[in-house]
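Letter by letter, the chains look like this.
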Amino acid sequence: MTDVVSSTAGVLAKPARRDIGIKRRYAAERRFRAYGIAALSFGILFLMLLLWSVVSKGYTAFQQTMITIPVEFSQQIIDKDNVRATDPAKLMTANYPIVARNALAKVLGVAENDRQGLRAVNQMISDGVRGQLRDMVVSDPEIIGTTQTVSLLAAGDIDSAVKGQINLDVAETSRKVSDQQVGWMKQLADSGALAKEFNTGIFFNGASSRPEAAGVGVALIGSFYMMLIVLVLSLPIGVAASIYLEEFAPKNRFTDLIEVNINNLAAVPSIVYGLLGLAVFINFMGLPRSASLVGGLVLTLMTLPTIIIATRAALKAVPPSIRAAALGLGASKMQTIFHHVLPLAMPGILTGTIIGLAHALGETAPLLLIGMVAFVANYPTTPMDPSTALPVQIYMWANEAERAFVERTSGAIMILLLFLILMNVGAILLRRRFERRW
């Protein structure tokens, strides 16, 4: 009896075993958390640097220097023979830059026989005033012979100088703005004739070789047409293919091969789709180059795998009990899918679709191969007309040598990022709007 008690006491007195690795596990968990915070911080830091680089160079693109002066619409220059009633085309071909130059020279006090001075004055005004004054005269020929106060578009070098993008402290031979023009700029600024205004032209103007007159209006319309084509084609085709593969297709080697190919197509470089569009839609089908229709078809092919994968994932996320309950109540397979499963999967489908559209909106390589890099100054009225796209416009401006195109490039990038942000915010809102919890 004594032996039993002493044995039991020895067992009770034995120290409890502890897991000596728990401290290491906690330390590893803290290190992993620190790694995650560091990675997130680095990502946010580089994102902020990217945004700062774009915004700091591009915010000035939304301002434009204007010269507001009285302009005399001289009949001697515009319609010397007074034939506008019988020959309206005369008003389209008049020398409107001379009208603007003479008006500015008069304000600055430059004599009519001072050729060098008149040449310097002419360099202060954008050649885009040709279309501005022409449109004013064509819309109201009665202003011929009168003097009107008009805000003229300043030339790109003058605009850059006003914005501080040209160092005026260096020697005159090392900059594009002469000392005489700098003096005139100060004279106009002191009188209030020279000022920066909000640049609506960057949203509405088309392509131009003059940076002060260039805008993304044509590119925005082209991108709109392409996104509309992508949405109309890729959404129904992608959703239909996903429903068939997920709900109706038999599980065999053939469907497995289709699924593998869809996953592989999602990883194919976008330039391959451009080659496919060039070979099929342009060379074989004979569709016009630079057309939004061809761009939309190419981007549809590129977007379909993304939408199919996202839609199948959304369909899989619907609990099997929903299908079982609908079938148990007498619904057919088709009714079960379209009345119960598809509405519940709609948030994921819409999210995948918008993400696919956002991806397509930023693509450049396939559009270059189908000719959307063309110089297009007129608005496209249909998807068959020549056009360009916003990322392609950015690519073209980035290759320009003019200093003023740098801010135009960054400004267009800001517009593209704004559209992408709005599309992603729309995806989040739609997901929360249609999401159902069970």
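Everything numeric here is computed off the predicted structure, so don't read it as measured data. (Residues numbered from 1 in each chain as written. Predicted model: local features only at pLDDT ≥ 70, side-chain atom pairs only at ≥ 80, totals over all residues. Heavy atoms only, no water.)

Student: Help me out: how do you make sense of the overall build of the protein in this one?
Tutor: Secondary structure summary: the protein contains 18 helices and three strands in total. Taken against the 2.2 N^0.38 rule, which gives 22 Å for 438 residues, the C-alpha radius of gyration of the protein at 33 Å runs more than 25% over that of a compact globule. For the protein, the spread of C-alpha atoms along the three principal axes comes to 130 × 60 × 35 Å. Per-residue burial for the protein yields a buried fraction of 42% across its 438 residues. Sequence-distant contacts, at least 24 apart, represent 75% of the contacts inside the protein between residues at least 6 apart. Averaging the locations of the 39 positively and 31 negatively charged side chains of the protein gives two centres separated by 15 Å. (Helix = DSSP H or I, 4+ residues; strand = E, 2+ residues; numbered from the N terminus. Rg over C-alpha atoms; globule rule 2.2 N^0.38 Å. Buried < 20%, exposed > 50% of the residue type's maximum accessible area, 1.4 Å probe, protein only. Contact = heavy atoms within 4.5 Å. Lys, Arg positive; Asp, Glu negative; His and termini not counted. Charge placed at Lys NZ, Arg CZ, Asp CG, Glu CD.)

Student: Whenever I open this one, the packing of helix α10 (residues 217-248) against helix α15 (residues 333-361) confuses me. Can you help?
Tutor: The packing of two helices is summarised by the inter-axis angle and the distance between the axes. Between α10 and α15, the least distance of the axes is 9 Å, while the angle of their chain directions is 140°. Between α10 and α15, the angle is such that the two are oblique. The way α10 lies across α15 gives a crossing that is right-handed. Listed contacts from α15 to S223, M227, V230, L231, L235, V239, I243, E247 and F248 of α10 are K333, I337, F338, V341, L342, I349, T353, L357, A360 and L361. In terms of residue class, the contact of α10 with α15 is built from 15 nonpolar, two polar and two charged. (Axes fitted to C-alpha atoms, helices over the stretch in contact; angles between N-to-C directions. Parallel < 35°, antiparallel > 145°, perpendicular 65-115°, else oblique. Left-handed = near helix turned anticlockwise from the far one by under 90°. Nonpolar A, V, L, I, M, F, W, Y, C, P; charged D, E, K, R; others polar.)

Student: When you look at the sheet that holds strand β3 (residues 194-198) in this model, what are you seeing that I'm missing?
Tutor: With antiparallel pairing, three strands are arranged side by side in an open sheet as β2-β1-β3. Whereas interior strands pair on both sides, the edge strands pair on one side only; in this sheet they are β2 (147-153) and β3. Within the sheet, the average angular offset between the axes of one strand and its neighbour, ignoring direction, is 40°. As judged from the five bridges shared by strand β1 (residues 63-72) and β3, these two strands associate in the antiparallel manner. Its bridge partner being in β3, Q63 is matched across the sheet by F198. (Pairing = 2+ DSSP bridges.)

Student: Explain the nonpolar core to me, please; I cannot follow it from the model alone.
Tutor: Grouped burial of nonpolar side chains is what soluble globular proteins tend to show. By size, the foremost hydrophobic cluster in this structure holds 40 residues, and its most contacted members are V216, M226, M227, V294, L299, L367 and I370. Only α10, α12 (270-284), α13 (292-316), α15, α17 (390-398) and α18 (404-434) provide two or more residues apiece to this core. Take this core: its biggest share by element is seven residues, from α18. Once residues lying within four places of it in the same chain are set aside, the contact partners of M226 are S292, G295, G296, L299, L367, M372 and A389. (Core = buried A, V, L, I, M, F, W, Y, C linked by side-chain atoms within 4.5 Å.)

Student: Looking at this model, I keep getting lost on the environment of D87. Mind explaining?
Tutor: Tracing the sequence through the fold places D87 in the loop between α3 (75-78) and α4 (96-108). Look at D87 and you get partly exposed, because its relative accessible area is 35%. Between the C-alpha atoms of D87 and R433, which are 346 residues apart in sequence, the distance is 60 Å.

Student: Just to check I follow, could you spell out helix α8 (residues 179-191) for this structure?
Tutor: A turn of α-helix holds 3.6 residues, and therefore any two residues three or four places apart point the same way. The terminal C-alpha atoms of α8 lie 19 Å apart, and with 13 residues this matches the ideal 18 Å at 1.5 Å per residue to within 8%. Residues of α8 that are buried make contact with β1, α4, α5 (115-122), α7 (156-162) and β3. Of the residues one or two after α8, G192 is the one with positive phi, at around 85°. (Expected span 1.5 Å × (residues − 1).)

Student: I'm lost on the environment of I144 in this one. Help?
Tutor: With respect to the element layout, I144 can be found in the loop between α6 (129-139) and β2. A residue is classified by how much of its surface remains accessible, and I144, at 7% relative accessible area, is buried. As a C-alpha pair, I144 and V268 span 124 residues in sequence and 61 Å in three-dimensional space. If we ignore the near neighbours within four places in the chain, the residues touching I144 are F73, Q75, I78, R84, L91 and V137.

Student: When you look at α10 in this model, what are you seeing that I'm missing?
Tutor: Over its 32 residues, α10 extends 45 Å from the first C-alpha to the last, a length consistent with the 46 Å expected when each residue adds 1.5 Å. The principal kink in α10, of about 25°, is found at S234, preceding the proline P236 by one to four residues. (Bend = angle between axes of the 7 residues up to and from the residue.)

Student: Before we go on, may I ask you to explain unusual backbone geometry in this structure?
Tutor: Trans peptide bonds make up the majority, and among non-glycine residues the majority have a negative phi. Here the phi dihedral of S290 falls at roughly 65°; this positive angle occurs in a residue that is not glycine. Structurally, the position occupied by S290 is in the loop between α12 and α13.

Student: Is there a simple way to think about the packing of aromatic side chains in this case?
Tutor: Aromatic rings in a pair are described by how distant their centres are and how their planes are angled relative to each other. All chains considered together, the criterion is met by five aromatic pairs. Ring centres of F62 and F203 lie 5.8 Å apart, and the angle between their planes is 35°; on these two criteria the pair is classed as tilted. Separated by 141 residues along the polypeptide, F62 in the loop between α2 (22-58) and β1 and F203 in helix α9 (residues 201-204) bring together distant segments of the chain. Since its relative accessible area comes to 16%, F62 is described here as buried. Residue F203 is classed as partly exposed on the basis of its relative accessible area, which comes to 27%. In textbook terms, an aromatic cluster arises when at least three aromatic residues are bridged by ring pairs, as seen for F62, F198 and F203. Just above the ring of F248 sits the side chain of K333; from NZ or CZ to the centre is 5.9 Å. (Phe/Tyr/Trp six-rings, centres within 6.5 Å; stacked < 30°, edge-to-face > 60°. Lys NZ or Arg CZ within 6 Å of the ring centre and 35° of its normal.)

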